[in-house]
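The lines below spell out each chain.
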Amino acid sequence: MHNNYIKNTILNRPTTFTNGEQASTYTANKIAELIRQKQKEGKPAVLGLATGNTPKLVYKELIRLHREEDLSFHNVVSFNLDEYYPIGTDHHLSYTYFMAEQLFNHVDIKKQNVHVPHSDFSQDRIAQFCIEYEQKIACFGGLDIQLLGIGRNGHIGFNEPGSDFDSKTRLVNLHPLTREDAAPEFGELHDVPHQAISIGIHTIMQAKNILLLALGERKSEIMSKALHGEITNQVPASILQTMPHVEYVLDNEAARLI
Ligand code: GLP
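Residues numbered from 1 in each chain as written. Predicted model: local features only at pLDDT ≥ 70, side-chain atom pairs only at ≥ 80, totals over all residues. Heavy atoms only, no water.

Novice: Hey, could you run me through the state of the cysteines in this one?
Specialist: Each disulfide is one covalent bond, formed between the sulfur atoms of two cysteines. A full pass over the atoms with the stated rule returns 0 disulfides. Its sulfur unpaired, C130 is 17 Å from the next cysteine sulfur, which belongs to C139. A residue is classified by how much of its surface remains accessible, and C139, at 69% relative accessible area, is exposed. (Disulfide = S-S within 2.5 Å. Buried < 20%, exposed > 50% of the residue type's maximum accessible area, 1.4 Å probe, protein only.)

Novice: Is there a simple way to think about the pattern of salt bridges in this case?
Specialist: Any two side chains of opposite charge can pair, given that their charged atoms come close. Counting across every chain of the model gives 10 salt bridges. Close ionic contact of R64 with E61 constitutes a salt bridge, the shortest N to O distance being 3.0 Å. Within this pair, R64 and its partner E61 are both found in helix α2 (residues 56–68), separated by 3 residues, close to a single helical turn. Residue classification places R64 among the partly exposed residues on the basis of a relative accessible area of 28%. Residue class for E61 comes out buried when judged on its relative accessible area of 12%. (Salt bridge = Lys/Arg side-chain N within 4 Å of Asp/Glu carboxyl O. Helix = DSSP H or I, 4+ residues; strand = E, 2+ residues; numbered from the N terminus.)

Novice: Just checking my understanding: could you explain the layout of surface pockets for this structure?
Specialist: Vacant regions in the atomic arrangement are exposed by a probe of water-molecule size rolled over the atoms. In this structure, the largest pocket encloses a volume near 760 Å³. Looking at the lining of the largest pocket, the elements that each hand over two or more residues are β4 (82–85), α3 (95–102) and α5 (176–186). Looking at side-chain class alone, the lining of the largest pocket contains 13 nonpolar, 12 polar and 8 charged residues. Empty space within the second largest pocket amounts to approximately 390 Å³. Surrounding the second largest pocket, 15 residues form its lining, T96, K111, V114, H115 and V116 being those nearest its centre. Sorting the residues of the lining of the second largest pocket by element identifies α3, β5 (114–115) and α4 (126–139) as the ones contributing at least two each. The biggest single contributor to the lining of the second largest pocket is α4, with 3 residues. (1 Å grid on protein atoms, 1.4 Å probe; cavity = no way out; pocket = protein on both sides within 12 Å on 5 of 7 lines; lining within 4 Å. Points joined across faces, edges and corners; volume = space filled by probe spheres on them. Nonpolar A, V, L, I, M, F, W, Y, C, P; charged D, E, K, R; others polar.)

Interpretation note: all reported values are geometric properties and have no functional meaning in isolation.
Following this line, the structure appears as structure tokens:
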């Protein structure tokens, strides 16, 4: 695929750390700085949050900062990237459950400020839900910071290979590799949902700052493609190469091929 995208090869150098703990602490501090800065300005801090194994230590560090260093979440408004479809919000593998367990139950965020795509309703209501999700993000002035992980196929959120770069929140079909990677958690492949609701690539790109965190050897190959490969929607994260406000935070293992 030929395209006219301009890469930001100088700006998009990754910040690398010896291990995942250091990378996560760095990432948590970036988020905490933003929250505190917005508090000084008397404004909300609008966070785009991610699920998966990768951000777990970031959330753990944010909880520590809340408990031990007075970091308050009273001004935080959060929007999560995605959710399986269909899945009940009280299902232990739903992202609503994940976020409550990993972060929200342990900090002073206001319940009404938490947004995770809901997916326990019928297909005919999804389009409207997605429009409203986008409107709510816009209502708060857009995302101040978007935290991202990356799938082994280059997905960001659940924007799978082939997703349009101008996509917005919508129902998506999960890629076979994504389902395969989720199978151990669900018990078996058969139980992994085939679809999800995901905010779009356009929505992500509109965030004022983006932090992409990648940890471990299993992300090294895709990080090399995402950072230095062709900009193509077959590797959704590759579009971030064009953007000046993206920081890639990697541990040495994920950065091995870079
Ligand atoms: C899921 C999530 C993504 C996440 C990815 C990577 O598919 N929807 O937002 O980045 O998994 O997961 P992990 O961090 O567990 O490798």
